[in-house]
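# Chain and residue survey
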Amino acid sequence: MIDQIDHIGIAVRSIAEARKLYEALGLAVTGIEEVPQEGVRVAMIACGASRIELLEPLSEDSPIARFLEKRGPGVHHLCLASNDVRSDDARLRDAGYQVLRPEPTRGAGGCWVQFVHPKSTGGVLLELSEGTEEAHRHA
Ligand code: ZN
């Protein structure tokens with residue numbers, strides 16, 4: 001089941017540059033983490049009950065580097081917090097939606113994540129994320 005919007009992922013060329021805007025608004029980066037299996041460095045910015053996730057590519061061949069090349073910086077995905085990502089994953093598969101991975105994998109902050117293809121959602125890359133409260137506060 002889905003609880004709330006967990007975060008909005010934004011593709012950026014440089015976290016150091018992009019974070020300035022949010023810091024000027026009084027928001028704070030709560031953590032920066034590299035996720036090598038995704039080819040990204042991730043900065044989480046707390047924003048009320050939700051968060052903003054800045055995604056910077058770690059290499060030229062990372063999916064975020066390809067996204068930036070094709071579309072430039074901007075909104076990359078919407079993440080919904082799930083309290084059971086495996087069952088939400090199964091429900092979407094049964095309903096014929098196209099998920100990106102054979103099963104949920106570990107993402108930033110140790111959360112379990114699955115992605116739903118934009119072709120299948122009306123143009124939005126959708127992330128489902130299940131994490132501990134700890135992961136949500138600090139990821
Ligand atoms: Zn995300």
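The preceding data block contains the structure.
Let me begin by describing the structure that accompanies this report. Remember, predicted model here, so these are calculated numbers, not experimental data. (Residues numbered from 1 in each chain as written. Predicted model: local features only at pLDDT ≥ 70, side-chain atom pairs only at ≥ 80, totals over all residues. Heavy atoms only, no water.)

## Notes on the pattern of salt bridges
To be explicit about the condition: By salt bridge we mean one thing: a side-chain nitrogen of Lys or Arg within 4 Å of a carboxyl oxygen of Asp or Glu. Numbering of helices and strands runs from the N terminus; a helix is a DSSP stretch of H or I covering at least four residues, while a strand is a stretch of E covering at least two. To sort residues, take the accessible area from a 1.4 Å probe on protein chains only and compare it with the maximum for the residue type: under 20% means buried, over 50% means exposed, and anything in between is partly exposed.
Following the criterion strictly, the structure yields eight salt bridges and no others. Taking the shortest distance from any N to any O, the salt bridge between Glu 23 and Arg 19 comes out at 2.8 Å. Taken together, the positions of Glu 23 and Arg 19, both in helix H1 (residues 15-24) and four residues apart, correspond to about one turn of that helix. Residue class for Glu 23 comes out partly exposed when judged on its relative accessible area of 33%. Classification of Arg 19 by relative accessible area gives partly exposed; the value is 24%.

## Observations concerning helix H2 (residues 63-71)
Count 3.6 residues to each turn of an α-helix, and residues three or four apart come out pointing the same way. Note the following rule: Working definition: the arc comes from the directions between the helix axis and the C-beta atoms, pointing outward to the latter. Throughout, a contact is declared for two residues whenever any of their heavy atoms are within 4.5 Å.
Residues of H2 that are buried include every one of Ile 64, Ala 65, Phe 67 and Leu 68, and no others. For H2, the arc enclosing every buried residue in end-on projection is 160°, short of the 170-degree limit, so these residues lie on one face. For H2, the exposed residues set more than 90 degrees away from the buried face come down to Glu 69 and Lys 70. Where H2 is buried, its residues meet strand E1 (2-11), strand E3 (40-47), strand E4 (50-57) and strand E5 (74-82). A positive backbone phi angle near 80° is found at Gly 72, which sits one or two residues after H2.

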